[in-house]
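Structural overview
The lines below spell out each chain.
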Amino acid sequence: VKEKHGILSVLICSRAAADYIHRQHCGCFNWAEDFLAPSQRPAKYLCGRVKSVHDGDSLRIIPETNDDGDRASVRVRLMQIDAPELSQAHGRDSRKALASRLPRGTRVCVISPGRDSYHRILGFVCLAKDDIAYRMLAEGHAWCYHNTCNLRYKAATSAARVAGLGLWTPGQTPMAPWAYRRFQRRRARKHRQQGKKE
């Protein structure tokens, strides 16, 4: 890992550099790899500045300059959580919550096992020692992804439900994002079929 003009010049860091990141920047290294399946290790490490927030579980960051000077932004998907779609109830509130926690220019680090089916970097996003996905769950702004997240995330979700926070506000009937997307696909398919009949 080398320094350039006083700024850490790291794009994807090897395991050998992980201790440096942990001490200086990330703070999430120790627990993050514990949440990964053996097949997802060793993880890769990416640090950069937030460019934009798309919704409650995805954002764009600009990686810190690598040796080629590449500054193109990359899409990042928070791992093991699923926020409401923007067209869902609480969807925009969820995006607002993430944007408030990660305003443009905020420096974050990502611990990632790879990319998802949409070619986004999938990983745990850390602000210093703060686990952003955990915060989104604890404040009631997201679900555990398909209810298969780690025990710490499940506990945060349960606590938010009991406290009636965010999408768990009493009187609300939140629909899991994956169920909502499935419903939307079925409705779109039904409309296409009806259009063909007409």
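Heads up: these notes are all about the structure in this document. Because the structure is predicted, anything quoted here is derived from the model rather than measured.

Counting residues in each nonpolar core, the largest one holds 29 residues, and the members touching the most others are Leu59, Ile61, Val76, Ile81, Leu102, Val125 and Tyr153. Taken together, the elements giving at least two residues each to this core come down to strand S4 (44-55), strand S5 (58-63), strand S6 (74-78), helix H3 (91-101), strand S8 (107-115), strand S9 (121-127), helix H4 (132-138) and helix H5 (151-163). Of the residues forming this core, the biggest block, four residues, is contributed by H4. In this view, isoleucine 81 contacts Gly56, Asp57, Ala133, Met136, Leu137, Ala142, Trp143, Cys144, Tyr145 and Tyr153; residues no more than four positions away in its chain are not counted. Counting residues in each nonpolar core, the second largest holds six residues, with Trp143, Trp168, Ala176 and Trp178 among its members.

Turning next to the state of the cysteines. Scanning the entire structure with this criterion turns up two disulfides. A sulfur-sulfur separation of 2.3 Å characterises the disulfide bridge that pairs cysteine 47 with cysteine 109. Classification of the bridge connecting cysteine 47 and cysteine 109 rests on its S-S torsion, roughly 100 degrees, and on that basis the disulfide is right-handed. Here cysteine 47 is found in strand S4, whereas its partner cysteine 109 is found in strand S8, with 62 residues between them in sequence. Judged by relative accessible area, cysteine 47 falls into the buried class, the value being 1%. A relative accessible area of 2% places cysteine 109 in the buried class. Across the disulfide, cysteine 144 is cross-linked to cysteine 149 (sulfur-sulfur distance 1.9 Å). Handedness here is read from the sign of the S-S torsion; for cysteine 144 and cysteine 149, about 55 degrees, the answer is right-handed. Here cysteine 144 and cysteine 149 have matching classes, each one buried.

Basis of the calculations
Residues numbered from 1 in each chain as written. Predicted model: local features only at pLDDT ≥ 70, side-chain atom pairs only at ≥ 80, totals over all residues. Heavy atoms only, no water. Core = buried A, V, L, I, M, F, W, Y, C linked by side-chain atoms within 4.5 Å. Buried < 20%, exposed > 50% of the residue type's maximum accessible area, 1.4 Å probe, protein only. Helix = DSSP H or I, 4+ residues; strand = E, 2+ residues; numbered from the N terminus. Contact = heavy atoms within 4.5 Å. Disulfide = S-S within 2.5 Å.

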